[in-house]
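# Observations on the model geometry
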Amino acid sequence: MKGKKILLVDDNKTVMTENSLKFSDAGYEVACALTLIDAHILLEKFKPDAIVLDVMLPDGSGLEFIEELKKGEFAETPVLLLSGLAEQDDIIRGMLAGSDFYLTKPYEFNVLLEKTNSLVANPTKKGKK
């Protein structure tokens, strides 16, 4: 999506690189963080239109990160959780934490892209699906 910014937060460098290239090809400006510390730094500098976030990170939980986001300046920024945690309880915890969508790994990039496009295009119509 031309002119839109996305922050990718994932400790898996392969996933990060592949998603970064594909989002860039789709017209997004992309910033990447391997840790929550890096994500916090990039939030202030980059001001993303959406965040694709892993749940399990080396320095904390993506769920706690969402809860922090929803209390501050980035409360309206859509967050899509992309996680290997695929049990129904994991997905429910993700949604209750404030994510706008939960996609389990493995996944099809086209699904990730279309859902991200939808969240960025309609930030007031975030889907809890």
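A brief structural summary. It should be emphasised that the depicted structure is a prediction, and the values quoted were computed from it without experimental measurement.

## As for the overall build of the protein chain
Helices and strands together make up the secondary structure of the protein chain, namely five helices and seven strands. For the protein chain, the succession of helices and strands along the chain, N to C, is β-α-β-α-β-β-β-α-β-α-β-α. A compact globule built from 129 residues would reach a C-alpha radius of gyration of about 14 Å, and the protein chain, at 13 Å, matches this within 12%. Along the first, second and third principal axes, the C-alpha atoms of the protein chain reach 35 × 30 × 30 Å. In the protein chain, which comprises 129 residues, the proportion classed as buried is 44%.

## Here's the deal with the packing of helix 2 (residues 36-46) against helix 3 (residues 62-69)
Across the interface, helix 2 lies against helix 3 with an axial gap of 11 Å and an inter-helix angle of 25 degrees. The angle between the axes of helix 2 and helix 3 places the two elements in the roughly parallel class. Read as a crossing pair, helix 2 and helix 3 show a hand that is right-handed. In this structure, helix 2 uses Leu 36, Ala 39, His 40 and Leu 43 to contact helix 3, whose residues at the interface are Phe 65, Glu 68 and Leu 69. In the contact of helix 2 with helix 3, the residues fall into five nonpolar, one polar and one charged.

## Some remarks on the pairing of strand 7 (residues 101-104)
Both strand 6 (residues 79-83) and strand 7 contribute to a ladder of four bridges, which runs parallel. Bridge assignment links Leu 80 to a residue of strand 7, and that residue is Phe 101. Once the chain exits strand 6 it traverses helix 4 (residues 88-97) before rejoining the sheet at strand 7, and the crossover so formed is right-handed.

## Thoughts on helix 4
Looking only at helix 4, the buried set comprises Asp 90, Gly 94, Met 95 and Ala 97. With its buried residues spanning 160 degrees around the axis, helix 4 presents them on a single face. In helix 4, the exposed positions that point more than 90 degrees away from the buried face belong to Gln 88 and Leu 96. Those residues of helix 4 that are buried are in contact with helix 3, strand 6 and strand 7.

What counts, and where the lines are drawn
Residues numbered from 1 in each chain as written. Predicted model: local features only at pLDDT ≥ 70, side-chain atom pairs only at ≥ 80, totals over all residues. Heavy atoms only, no water. Helix = DSSP H or I, 4+ residues; strand = E, 2+ residues; numbered from the N terminus. Rg over C-alpha atoms; globule rule 2.2 N^0.38 Å. Buried < 20%, exposed > 50% of the residue type's maximum accessible area, 1.4 Å probe, protein only. Axes fitted to C-alpha atoms, helices over the stretch in contact; angles between N-to-C directions. Parallel < 35°, antiparallel > 145°, perpendicular 65-115°, else oblique. Left-handed = near helix turned anticlockwise from the far one by under 90°. Contact = heavy atoms within 4.5 Å. Nonpolar A, V, L, I, M, F, W, Y, C, P; charged D, E, K, R; others polar. Pairing = 2+ DSSP bridges. Right-handed = clockwise from strand over helix to strand, strands pointing away. Arc of directions from axis to C-beta.

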